[in-house]
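One-letter residues, chain by chain:
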Amino acid sequence: MAEEESSGAGSREGLRLIVGLGNPGDKYEATRHNIGFRIVEEVSRRLDLGEARTECRSRISGNGSLYLVQPQTFMNRSGLALRCLWERYGYESQQVLVVYDEVHLPLGRLRLRTKGGPGGHRGMESIIENLRTEEVHRLRCGVGPADADLPGDELVPFVLGAFDDSEQEVVDEMITAAAEACMSWLEDGAETAMNRFNR
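Here the structure is a predicted model, which is why all the values come from computation and not from measurement.

(A) Examining the overall build of the protein more closely. Along its length, the protein carries 6 helices and 7 strands. Mapped in sequence order, the helices and strands of the protein form the string β-α-β-β-β-α-β-β-α-β-α-α-α. The globule rule puts the C-alpha radius of gyration for 199 residues at 16 Å, and the 16 Å found for the protein is close to it. For the C-alpha atoms alone, the extent of the protein along its principal axes is close to 50 × 30 × 30 Å. Looking at the protein residue by residue over its 199 residues, the buried ones come to 49%. Contacts spanning at least 24 positions in sequence make up 73% of the contacts within the protein whose residues lie at least 6 apart. Per element, the accessible surface of the protein, about 9,700 Å² overall, is 43% carbon and sulfur.

(B) Region of interest: unusual backbone geometry. Phi angles above zero are rare outside glycine, and Asp48 is one such case at about 55°. Mapped onto the fold, Asp48 is located in the loop between α1 (35–47) and β2 (53–55). The phi dihedral of Arg57 falls on the positive side, at around 55°, and the residue is not glycine. Residue position: Arg57 is located in the loop between β2 and β3 (58–62). The class for Arg57 is partly exposed, based on a relative accessible area of 48%.

(C) Looking closely at the pattern of salt bridges. Scanning the model with the defined rule gives 7 salt bridges in all. Between Arg53 and Glu55 there is a salt bridge, with the nearest N and O atoms lying 3.0 Å from each other. According to the relative accessible area criterion, Glu55 is buried, its value standing at 10%. Across the salt bridge formed by Arg88 and Glu55, the nearest N and O atoms sit 3.3 Å from each other. Remark: Glu55 occurs in strand β2 and Arg88 occurs in helix α2 (residues 78–89); sequence separation between them is 33 residues. Through salt bridges with shared partners, a single ionic network connects Glu42, Arg45 and Arg46.

(D) View of the state of the cysteines. In the structure shown here, the tally under the stated rule is 1 disulfide. The disulfide bridge from Cys56 ends at Cys84, spanning 2.1 Å between sulfur atoms. Given an S-S torsion of about -65°, the disulfide between Cys56 and Cys84 has left-handed geometry. Taken as a pair, Cys56 in the loop between β2 and β3 and Cys84 in helix α2 lie far apart in primary sequence, 28 residues in all. The structure places no disulfide on Cys182, whose sulfur is separated from the nearest cysteine sulfur, that of Cys141, by 7.4 Å.

(E) Geometry of the pairing of strand β1 (residues 16–20). A large share of β1 lies buried, amounting to 4 of its 5 residues. The pairing of β1 with strand β4 (residues 66–71) spans 4 bridges and is classified as parallel. In the strand pairing of β4, Val19 is matched with Val69. Alignment of β1 against strand β5 (residues 96–106), held across 4 bridges, turns out to be parallel. Note on β5: the bridge partner recorded for Leu17 is Val96.

Cut-offs and rules
- Residues numbered from 1 in each chain as written.
- Predicted model: local features only at pLDDT ≥ 70, side-chain atom pairs only at ≥ 80, totals over all residues.
- Heavy atoms only, no water.
- Helix = DSSP H or I, 4+ residues; strand = E, 2+ residues; numbered from the N terminus.
- Rg over C-alpha atoms; globule rule 2.2 N^0.38 Å.
- Buried < 20%, exposed > 50% of the residue type's maximum accessible area, 1.4 Å probe, protein only.
- Contact = heavy atoms within 4.5 Å.
- Areas by Shrake-Rupley, 256 points an atom, 1.4 Å probe, with all protein chains shown as cover.
- Salt bridge = Lys/Arg side-chain N within 4 Å of Asp/Glu carboxyl O.
- Disulfide = S-S within 2.5 Å.
- Pairing = 2+ DSSP bridges.

Below you can see the structure in the form of structure tokens.
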């Protein structure tokens, strides 16, 4: 982010944000697109951060050095929430870990990266656009079909659909592993977390 755009708060060196992406509302709760929300909720449970509050069009829990964020802007405008939080608190893009679904990874596979393009993911595209950098840490969580990539006209119904009953065990294992990856990112740093979880 450009120096001249820095907020009055300035960058807080020790601050970390873990941002789970999804869509608000009961009808989206169990969908593939909301796996980021579910993982952040698991991290919050482990850290016992208490009830979330509403701020910057997001559900946020945290203790001043760590914020767990679930933007409530709908997926395609997720970056607006992060922009608001940046203007309010100040942080560098590398202090953020974005957790989201990845249809181009097989179900259960995790990939942690420290930078890169959005890869066709609209939520990540909005974040990159609003933070004006591709140097944002991200944890991609595989929700893709086992057989092949989906054609474009089937992509939206697929990610907005629920997991099959036969997939639930793998989904639960992925949520556990992704929460552990988030904890490793917090405690050990991105490189160590990548070495552990990019299997």
